[in-house]
Amino acid sequence: MANNAMNYEPQATAILRGERISPRKVQIVLDLIRNQSVDKAIAALDLTPKAACPIVKKLLKSAIANADNNHSMDKDKLYVAACYVGPGPILKRIQPRAQGRAFRINKRTSNITIILKEREA
């Protein structure tokens, strides 16, 4: 137990649950910023015309604030250590079709997680 405590590496996390965007769309954006420094990640999100970019940028800024305020980490050394998305609850809707039938529409949601760590000097 003591060995694990000595190997603890501080990390800051931000989680967004139930965001009304498909996980497929978010995954493309997260692949752009993974293992990037925080400054490069924000620049990439500013210049990428994807629907998920404003959402991920806001979550990244929240993770930076968590790192600064809760863990006293240096903002200049931060990088995106891990980021992933999973499916959230699906909102099921019905669209009327011909001859009284119903067509199912799945409104997908996403659970997005960003983990920041400090780079070694």
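Above this note sits the structure.
All residue numbers refer to position in the chain's written sequence, counted from 1. Given that this is a predicted model, residues contribute local features only at a pLDDT of at least 70 and side-chain atom pairs are listed and counted only at 80 or more, while totals for whole chains, interfaces and linings are drawn from all residues. The side-chain quantities take in all heavy atoms of the structure and omit both hydrogens and water.

## Focus on helix α3 (residues 38–47)
1) Next: Those residues of α3 that sit buried are V38, A41, I42 and L45. The arc enclosing the buried residues of α3, seen along the axis, measures out at 95°, which places them on a common side. In α3, those exposed residues whose orientation departs by more than 90 degrees from the buried face are D39, K40 and L47.
2) Next: Here a residue-residue contact requires only that any non-hydrogen atoms of the pair lie within 4.5 Å. Going along the chain from the N terminus, every DSSP run of H or I of four or more residues is numbered as a helix, and every run of E of two or more is numbered as a strand. Contact partners of the buried residues in α3: α2 (23–33), α4 (53–71), β2 (78–87) and β5 (110–118). Per-residue accessibility, obtained with a 1.4 Å probe over protein chains only, is compared with the maximum for each type, and a residue is labelled buried under 20%, exposed over 50%, and partly exposed between these values. Directions from the helix axis toward the C-beta atoms define the arc.

## Digging into the pattern of salt bridges
Between side chains of opposite charge, pairing is possible as soon as their charged atoms come close.
1) Next: For this document, the term salt bridge refers to a Lys or Arg side-chain nitrogen within 4 Å of an Asp or Glu carboxyl oxygen. Taken as a whole, this structure holds three salt bridges when the rule is applied.
2) Next: The shortest N-O distance in the salt bridge between D31 and R34 comes to 2.8 Å.
3) Next: We classify D31 as partly exposed; its relative accessible area is 44%.
4) Next: With a shortest N-O distance of 3.8 Å, K75 and D68 are connected by a salt bridge.

## Here's the deal with the sheet that holds strand β1 (residues 11–19)
1) Next: The three strands lie next to each other as β1-β5-β2, forming an open sheet whose pairing is antiparallel. The open sheet has two edge strands with one neighbour each: β1 and β2. Strand after strand, the sheet turns through a mean of 15° between neighbouring axes, direction not considered.
2) Next: Interaxial angles span 0 to 180 degrees and are taken between N-to-C directions of axes, which are lines fitted to C-alpha atoms, for helices over the stretch in contact. The strands touched by α2 within the sheet are β2 and β5, with β2 carrying the most contacts at an inclination of about 165°.
3) Next: Running over the sheet, α4 touches β1, β2 and β5 and is turned about 145° from β1. Strands pair, by our definition, only if DSSP identifies at least two bridges between them.

## Notes on the side chain of K117
1) Next: By secondary structure assignment, the location of K117 is in strand β5.
2) Next: Charge assignment: positive for Lys and Arg, negative for Asp and Glu; neither His nor the chain ends contribute. Despite its burial, K117 pairs with no opposite charge, the nearest such side chain being E9 at 4.2 Å.
3) Next: Sequence-distant contacts of K117, defined by excluding residues within four places in its chain, comprise E9, P10, Q11, M73, K77, L78, Y79 and A81.

## Some details on the environment of C83
1) Next: Mapped onto the fold, C83 is located in strand β2.
2) Next: For the pair C83 and R34, spaced 49 residues apart in sequence, the C-alpha separation works out to 6.4 Å.
3) Next: Leave out the neighbours within four places in its chain, and C83 touches L30, I33, R34, T113 and I114.

## Here we look at the environment of A81
1) Next: With respect to the secondary-structure elements, A81 resides in strand β2.
2) Next: Sequence separation between A81 and V56 is 25 residues, and the spatial gap between their C-alpha atoms is 15 Å.
3) Next: Each residue touching A81, except ones within four places of it in the same chain, is listed here: N35, I115, L116 and K117.

## Some details on the nonpolar core
1) Next: V26, L30, V56, L60, I114 and L116 are the most contacted members of the largest nonpolar core, which has 28 residues in total.
2) Next: Among the secondary structure elements, those contributing two or more residues to this core are β1, α2, α3, α4, β2 and β5.
3) Next: Of the residues forming this core, the biggest block, eight residues, is contributed by α4.
4) Next: In contact with L116, not counting residues within four places along its chain, are P10, Q11, A12, V38, L60, A63, I64, M73, L78, Y79, V80 and A81. Only buried Ala, Val, Leu, Ile, Met, Phe, Trp, Tyr and Cys residues count toward a nonpolar core, and they belong to the same one when joined by side-chain atoms within 4.5 Å.

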